[in-house]
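Letter by letter, the chains look like this.
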Amino acid sequence: MITYNAEGIAMPKIRRRDTTAWIRRVAATYGKKVGEVGYLFCNDEHILEINREYLGHDYYTDIITFDYDEGDTLNGDIVISLDTVRSNAEKFHKPYDEELHRVIIHGILHLCGQNDKGPGEREQMEAAENRALTLL
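Calculation criteria
Residues numbered from 1 in each chain as written. Predicted model: local features only at pLDDT ≥ 70, side-chain atom pairs only at ≥ 80, totals over all residues. Heavy atoms only, no water. Helix = DSSP H or I, 4+ residues; strand = E, 2+ residues; numbered from the N terminus. Expected span 1.5 Å × (residues − 1). Pairing = 2+ DSSP bridges. Axes fitted to C-alpha atoms, helices over the stretch in contact; angles between N-to-C directions.

*Asks:* I tried to follow helix α4 (residues 96-111) on my own but got confused; where do I start?
*Replies:* Every α-helix winds through 3.6 residues per turn, so residues three or four apart in the chain are directed the same way. Taking 1.5 Å as the rise per residue, α4 with 16 residues should run 22 Å; its terminal C-alpha atoms sit 23 Å apart, in good agreement. Gly113 occupies a position one or two residues after α4 and carries a positive phi of about 105°.

Right, here's the structure in full:
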């Protein structure tokens, strides 16, 4: 089950049923099925609190993924700052909806085992995001 919640900000206008089906399609391309995945959409201040409390990081970010996977079943919590999504869309000259979907699937890709911190991983993650967006 995939759940979508918002805290301190209006829920983004996403088609939940279509987004859920898309997420399941992307996970299947990695041989994974979706278990319990919870999305929390929030503002910059809330994600900063979470970043400080749970990760010891003192900076804003667009997404934090908490991975509770069990084998081939994806389980996790994905926190997304809509403030940062909006500013990144402007910064990269992308439509807001495209950037939002890129971040939504970014968390799923982390749960599927994709990383973006090591050498060359950012480019691999971006390619995976681009492939996933074509399935939307």
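*Asks:* Even after reading the chapter, I still don't get the sheet that holds strand β4 (residues 73-81), so can you show me in this structure?
*Replies:* Strand pairing in a sheet takes place through backbone hydrogen bonds and is either antiparallel or parallel in direction. Taken together, four strands build an open sheet; the order of strands is β1-β2-β4-β3 and the sheet is mixed. Of all strands in the sheet, those bounded by a partner on one side alone are β1 (2-6) and β3 (63-67). In this sheet, adjacent strand axes meet at a mean angle of 15° when their direction is disregarded. Bridge analysis of β1 against strand β2 (residues 33-42) gives five bridges, and the strand direction is parallel. Residue pairing in the sheet places Ala6 in a bridge with Phe41 of β2.

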